[in-house]
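Report on the structure
Residues per chain, in single letters:
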Amino acid sequence: MTLPAAATDLSAPAKPGARVPAHVGIIMDGNGRWATSRGLPRVEGHRRGVEALRRCVRAAREIGIRYLTIYSFSSENWSRPLSEVSELMSLLKLFLRHDLAELHAAGVRIKVIGERESLAPDIRNLLHEAEQLTCRNGGLTLVVAFNYGSRQEIAAAVARIAADAAAGRIRPEDVSVAMISERLDTAGIPDPDLIIRTSGEQRLSNFLLWQAAYAEFVFLPIYWPDFDRAALAAALDEFNRRDRRFGGITKHAGA
């Protein structure tokens, strides 16, 4: 898809009658390749990626998106070089310490999904602090998928259901889509309407597999550090061109 040449004003929908997705998920991909293409160390790409995240959160708030889920660190990312993992952890801590007060003042609520028990205590404490401080905020909910993998999330939900069945609290025939959804990390959060992935890659990479059943997908041919208001506007324009039928047909469509 072609991106606009310049940023656009996202204080209101770009076109009359444009739909604003309630929940947008973003796979922030391409930090390392952005840096490599410029002869810079990969860590510089991650640093610039944090700047892009700040721009994205600000734009999402202004346009009226209610939920923004960012894939910040997957459960598979531990396989990266130790130095890069260490730098990613440092950037997370820096982002939370530097930006938490501003996010809180702006009414942003932070929700963290993913496995936490294996994380270092200081990171666990920071994530908990961010959630507790902002839990009563009523603005944008920023869902941070950290040490997250969707298959692991689904397996854990199924394990909890199996334990309830073994204990006689539920019957196997009671298991439903809603019951599984209620046991996922995203319980209480609406499913994403739109999932954006940068870098040109076209896959979910273990991100919100269950929740994305009826999401629209937009794959942008830019690396994450270059993501800005114009890129978000392009993705929203594409979203508004889609005919969302959820398995049915539109009123004007044939059989």
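What counts, and at which threshold
All residue numbers refer to position in the chain's written sequence, counted from 1. For a predicted model such as this one, the threshold for reporting local features is a pLDDT of at least 70, and the threshold for listing and counting side-chain atom pairs is 80 or more; totals across whole chains, interfaces and linings nevertheless cover every residue. Hydrogens and waters are ignored; side-chain quantities use all the structure's heavy atoms. Helix and strand assignments follow DSSP, with helices taken as H or I runs no shorter than four residues and strands as E runs no shorter than two, numbered in order from the N terminus. When accessible area is computed with a 1.4 Å probe and restricted to protein chains, residues below 20% of their type maximum are described as buried, those above 50% as exposed, and intermediate ones as partly exposed. Surface exposure here means Shrake-Rupley accessible area, sampled with a 1.4 Å probe, where a residue is shielded only by the protein chains that are shown. In the sections that follow, a salt bridge refers to a side-chain nitrogen of Lys or Arg positioned within 4 Å of a carboxyl oxygen of Asp or Glu. The term polar contact refers here to a pair of N or O atoms within 3.5 Å; inside protein, the definition further demands a hydrogen-donor-capable atom paired with an acceptor-capable atom, and it admits residues adjacent in sequence only when both atoms are side-chain atoms. Here a residue-residue contact requires only that any non-hydrogen atoms of the pair lie within 4.5 Å. Take the residue count of a helix, subtract one, and multiply by 1.5 Å to get its expected span. Whether two strands pair depends on DSSP finding at least two bridges between them. Fitting a line to C-alpha atoms yields each axis, with helices limited to the stretch in contact; the angle taken between N-to-C directions then spans 0 to 180 degrees. Each residue carries a pLDDT score, the predictor's confidence in it, ranging from 0 to 100.

Per the secondary structure count, the protein chain includes seven helices and six strands. Taken from the N to the C terminus, the helices and strands of the protein chain come in the order β-α-α-β-α-β-α-β-α-α-β-β-α. Counting only residues that meet the buried cut, the protein chain has 46% of its 255 residues in that class. Accessible surface, the protein chain as shown: approximately 12900 Å² in total, 53% of it carbon and sulfur.

Bringing the pattern of salt bridges into the picture now. In the structure shown here, the tally under the stated rule is 20 salt bridges. Across the pair arginine 47 and glutamate 87 runs a salt bridge, and its minimum N-O distance is 3.7 Å. Here glutamate 87 lies in helix H3 (residues 82-105) and arginine 47 lies in helix H2 (residues 42-63), a separation of 40 residues in the sequence. On the accessibility criterion, arginine 47 (39% relative accessible area) is partly exposed. When the shortest N-O distance is used, the salt bridge between lysine 93 and aspartate 122 registers 3.1 Å. Taken as a pair, lysine 93 in helix H3 and aspartate 122 in helix H4 (residues 121-134) lie far apart in primary sequence, 29 residues in all. A residue is classified by how much of its surface remains accessible, and lysine 93, at 19% relative accessible area, is buried. Shared partners join several salt bridges into a network, and the residues in it are Asp29, Arg33, Arg197, Glu201 and Arg203.

Another aspect to go through is the side chain of asparagine 137. Assignment of secondary structure puts asparagine 137 in the loop between H4 and strand S4 (141-148). Here histidine 104 takes part through its side chain, which lies 3.0 Å from a polar atom of the side chain of asparagine 137. The residues touching asparagine 137, leaving out its near neighbours within four places in the chain, are His104, Gly107, Val108 and Arg109.

Bringing H2 into the picture now. Taking 1.5 Å per residue as the helical rise, H2 with its 22 residues ought to reach 32 Å, and the 31 Å between its terminal C-alpha atoms agrees with that figure. Residues of H2 that are buried: Glu44, Gly45, His46, Gly49, Val50, Ala52, Leu53, Cys56, Val57, Ala59, Ala60 and Ile63. Buried-residue contacts for H2 involve strand S1 (23-27), helix H1 (31-37), strand S2 (67-74), H3, S4 and helix H7 (229-241). Within two residues after H2, glycine 64 carries a phi angle of roughly 100°, on the positive side.

Before going further, it helps to examine the sheet that holds S1. With parallel pairing, six strands are arranged side by side in an open sheet as S3-S4-S2-S1-S5-S6. The open sheet is flanked by strand S3 (109-113) and strand S6 (216-219), the only strands paired with a single partner. Sheet twist, expressed as the average angle between the axes of neighbouring strands with direction ignored, equals 20°. The sheet contact formed by S1 and strand S5 (residues 194-197) spans four bridges and is parallel. When the bridges of S5 are listed, valine 24 appears paired with leucine 194. Running over the sheet, H7 touches S5 and S6 and is turned about 135° from S5.

On to the environment of arginine 203. Relative to the helices and strands, arginine 203 resides in the loop between S5 and S6. Along the sequence, arginine 203 and isoleucine 27 sit 176 residues apart, while their C-alpha atoms lie 9.5 Å from each other. Excluding residues within four positions of it along the chain, arginine 203 makes contact with Ile27, Arg197 and Phe219. One polar contact links arginine 203 to glutamate 201, side chain to side chain, over a distance of 2.9 Å.

To continue, consider the pairing of S2. Taken across its eight residues, S2 has seven buried, putting it largely inside the fold. Of the pairings in the sheet, the one linking S1 to S2 comprises five bridges and is parallel in character. Within the sheet, the bridge partner assigned to isoleucine 27 lies in S2 and is tyrosine 71. Examined bridge by bridge, S2 and S4 share seven bridges and lie parallel to one another. Within S4, the residue paired with threonine 69 across the bridge is valine 143.

Here the protein chain averages 89 in pLDDT, and 89% of its residues register 70 or above. Counting interchain partners and residues more than four positions distant, the pLDDT-below-50 stretch residues 4-14 has 18 contacts.

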